[in-house]
Amino acid sequence: AQSVAQPEDQVNVAEGNPLTVKCTYSVSGNPYLFWYVQYPNRGLQFLLKYITGDNLVKGSYGFEAEFNKSQTSFHLKKPSALVSDSALYFCAVRDTGRDDKIIFGKGTRLHILP
Amino acid sequence: EAQVTQNPRYLITVTGKKLTVTCSQNMNHEYMSWYRQDPGLGLRQIYYSMNVEVTDKGDVPEGYKVSRKEKRNFPLILESPSPNQTSLYFCASTSFSGTYNEQFFGPGTRLTVL
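Thresholds, definitions, all that
Residues numbered from 1 in each chain as written. Chains lettered and ligands numbered in written order. Predicted model: local features only at pLDDT ≥ 70, side-chain atom pairs only at ≥ 80, totals over all residues. Heavy atoms only, no water. Helix = DSSP H or I, 4+ residues; strand = E, 2+ residues; numbered from the N terminus. Rg over C-alpha atoms; globule rule 2.2 N^0.38 Å. Buried < 20%, exposed > 50% of the residue type's maximum accessible area, 1.4 Å probe, protein only. Contact = heavy atoms within 4.5 Å. Areas by Shrake-Rupley, 256 points an atom, 1.4 Å probe, with all protein chains shown as cover. Disulfide = S-S within 2.5 Å. Pairing = 2+ DSSP bridges. Buried area = accessible area lost by both parts, 1.4 Å probe. Salt bridge = Lys/Arg side-chain N within 4 Å of Asp/Glu carboxyl O. Polar contact = N/O pair within 3.5 Å; in protein donor to acceptor, adjacent residues only side chain to side chain. Nonpolar A, V, L, I, M, F, W, Y, C, P; charged D, E, K, R; others polar.

J.: Looking at this structure, how should I read the overall build of chain A?
T.: On a plain count of helices and strands, chain A comes out with 0 helices and 12 strands. Starting at the N terminus and walking to the C terminus, you meet the elements of chain A as β-β-β-β-β-β-β-β-β-β-β-β. Its C-alpha radius of gyration of 14 Å places chain A within 12% of the 13 Å reference for a compact globule of 114 residues. Taken over the C-alpha atoms alone, chain A extends approximately 45 × 30 × 20 Å along its principal axes. The buried share of chain A, reckoned over its 114 residues, is 48%.

Structure (structure tokens):
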């Protein structure tokens, strides 16, 4: 069955340091992968996606993610964290080998410390 | 302005009293979906619709109904709400245009069932 794992419930990073939010997935076909961010009392906002092509994907607010097929991972990264990056981050996958369901991870809360 | 709207934003009801949460999008998107967000569980897909008159179950469809009579609207119906349906609900939409694009999310509906 398709699934998404975000192994860290919370990640703490000092402002200015690089950050990584981890995501691994399991699908039967090829994956479509997405990252979303949720700020307090708001809906989810799209950050970036991998459909095909370059393994390194750049998105909004300086975020990027690297698709690694052999490790079935799609980690979210940013070279220099800002306090305003503090939010809840979700990884999502659609399995092209199956139906049209979209599966989300449980979310990782990112705290950027001033 | 491109957007997904949901109503109501907040709702407190009692067990067994039928309710409907409306969702509407103005982007002519084919795909619409309902999710519930619960602490520690992330987002779970309830139902989705690929187009008018086409709906499918997500991962947690029990206790919910949906309909897609018009492209822009995708209401979520709880025929007999129970306390375990207390949650934060999000509607989302996306277009296909040859590939799967990112979803646009509504602002959320916080439902409490007493």
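Back to the text.
J.: Help me understand the overall build of chain B, please; the structure alone is not making it clear to me.
T.: Within chain B, the regular secondary structure consists of 0 helices and 11 strands. Secondary structure elements of chain B occur, N-terminal to C-terminal, as β-β-β-β-β-β-β-β-β-β-β. Computed over the C-alpha atoms, the radius of gyration of chain B is 13 Å, within 12% of the 13 Å expected from 2.2 N^0.38 for a compact globule of 114 residues. By the burial criterion, 52% of the 114 residues in chain B qualify as buried. Considering only residue pairs separated by 6 or more positions, chain B has 53% of its internal contacts joining residues 24 or more positions apart. Carbon together with sulfur atoms contributes 52% to the accessible area of chain B, which is approximately 5,300 Å² in total.

J.: Got a minute to help me understand the state of the cysteines in this structure?
T.: In a disulfide, the sulfur atoms of two cysteines are covalently bonded to one another. All names here are of chain A. Under the defined criterion, the tally for this structure stands at 2 disulfides over all chains. Residue pairing for C23: its cysteine sulfur links by disulfide to C91, the two sulfurs lying 2.0 Å apart. Taking the sign of the S-S torsion, -65° for the link of C23 and C91, the bridge is left-handed. Here C23 is found in the loop between β3 (19-21) and β4 (24-26), whereas its partner C91 is found in strand β10 (residues 87-95), with 68 residues between them in sequence.

J.: Would you mind showing me how to read unusual backbone geometry here?
T.: With an omega dihedral of -5°, the bond running from N7(B) to P8(B) counts as a cis peptide bond. One non-glycine residue with positive phi stands out, namely T72(A), at about 45°. Secondary-structure assignment places T72(A) in the loop between β8 (64-68) and β9 (73-78). Its relative accessible area of 30% is what places T72(A) among the partly exposed residues.

J.: I tried to follow the pairing of strand β12 (residues 108-113) of chain A on my own but got confused; where do I start?
T.: In summary, the side chains of a regular strand alternate between the two faces of the sheet. All names here are of chain A. Every second residue of β12 is oriented toward a common face, the buried set being T108, L110 and I112 and the non-buried set R109, H111 and L113. Sheet analysis places strand β2 (residues 10-14) next to β12, joined by 5 bridges and oriented parallel. Within β12, the residue paired with V13 across the bridge is I112.

J.: What is the right way to read the interface of chain A and chain B from this model?
T.: When the parts come together, some accessible area is lost, and that loss is often what is quoted as the size of the interface. Each side of the interface is counted separately: chain A has 21 residues, and chain B has 22 residues. Per-residue buried area on chain A facing chain B is highest for D100(A), K101(A) and I102(A); these three make up 28% of the total on that side. With its nearest N and O atoms 3.4 Å apart, the salt bridge here joins E102(B) to K49(A). Here chain A is connected to chain B by 5 residue pairs in polar contact (both at pLDDT 80 or more). It is strand β5 (residues 31-38) of chain A that provides the largest number of residues to the side of chain A that touches chain B, a total of 4 residues. Split by residue class, the side of chain A that touches chain B holds 11 nonpolar, 3 polar and 7 charged.

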